[in-house]
Amino acid sequence: MAALCRDTGLNLVLTNLGEGTATRQQLSRYGLDRTEKAVVSAVAGADARKRVFKAAKRRLSIDIPGNGILMAVPVKSVGGGRTLTYLTDSKVPNGGVPDMKFEYELIVAILNEGYADMVMDAARSAGAAGGTVLHARGTGAGETERFFSVSLAEEKDVIYIVSTGKEKAAIMRAISSQAGPETRAGAICFSLPVSSVAGLRRLDDDE
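Residues numbered from 1 in each chain as written. Predicted model: local features only at pLDDT ≥ 70, side-chain atom pairs only at ≥ 80, totals over all residues. Heavy atoms only, no water.

Things to note about helix α3 (residues 46-60)
1) Next: A rise of 1.5 Å per residue sets the reference length of α3, with its 15 residues, at 21 Å; its end C-alpha atoms lie 20 Å apart and thus fit the reference within 8%.
2) Next: Taken residue by residue, α3 has A48, V52, F53, A55 and A56 as its buried positions.
3) Next: Positive backbone phi, approximately 50°, marks S61, located one or two places after α3. (Helix = DSSP H or I, 4+ residues; strand = E, 2+ residues; numbered from the N terminus. Expected span 1.5 Å × (residues − 1). Buried < 20%, exposed > 50% of the residue type's maximum accessible area, 1.4 Å probe, protein only.)

Overview of unusual backbone geometry
1) Next: Positive phi, close to 50°, is recorded for S61, a residue that is not glycine.
2) Next: Looking at where S61 falls in the secondary structure, it is placed in the loop between α3 and β3 (70-72).
3) Next: Taking relative accessible area as the criterion, S61 reaches 27% and is therefore assigned partly exposed.

Describing the packing of helix α5 (residues 116-125) against helix α6 (residues 165-179)
1) Next: With their axes 8 Å apart at the nearest point, α5 and α6 run at an angle of 135° to one another. Relative to α6, the element α5 lies oblique. For the crossing formed where α5 meets α6, the hand is right-handed. Contacts from M118, V119, A122, A123 and S125 of α5 reach α6 at I171, A174, I175, Q178 and A179.
2) Next: The residue makeup of the contact of α5 with α6, split by class, is eight nonpolar, two polar and no charged. (Axes fitted to C-alpha atoms, helices over the stretch in contact; angles between N-to-C directions. Parallel < 35°, antiparallel > 145°, perpendicular 65-115°, else oblique. Left-handed = near helix turned anticlockwise from the far one by under 90°. Contact = heavy atoms within 4.5 Å. Nonpolar A, V, L, I, M, F, W, Y, C, P; charged D, E, K, R; others polar.)

Some thoughts on the nonpolar core
1) Next: Ranked by size, the top nonpolar core spans 18 residues in total, and within it L111, V119, I159, I161 and I175 carry the most contacts.
2) Next: Elements with a minimum of two residues in this core: β4 (104-112), α5, β8 (155-164) and α6.
3) Next: With 12 residues, the next largest nonpolar core counts V52, L70, A72 and A198 among its residues. (Core = buried A, V, L, I, M, F, W, Y, C linked by side-chain atoms within 4.5 Å.)

Without other data, these values stay purely geometric and don't point to any function.
This is how it looks when you write it as structure tokens:
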């Protein structure tokens, strides 16, 4: 995927390693181990985004559920003209007002390391299908600085959950009430709009 992004002409490509969030019961049922994941991120203009989606479907069969998920998250602002030139390969984006109606959203939860199952149990209770866990470290001003009960300078997990727009609020409420800042998980969450998606079975389809 990283090579595909570079072949498309994208200048900034980042890869993070993580793992899936299937429950132990789900894994044992099919005789599977916990799945390792890679999250590849890049910044692209509208034309490059279309090329990446087309190439990912052709070369990685990304549009077939089970082969991964590809999504586009709108970027609202870029810091400086040189940055914009670098990210868009000297192409000036077209103006216009973006369509702000999104069928899917990306929920991002930041939590204390080791409590991903607690957060995912809360999310699933409100209809979440699954997620991907990344490992990170807080960078607060001091080791003792805290936001509610969340230390800003300890090891963290970050969970990405894709949901329908209509289910997003319920999932975020469940995370906040069952695994929020006053719990051991200490999770805080927010959501980002998803303007395009491939490889995701429609979350409102019947099983």
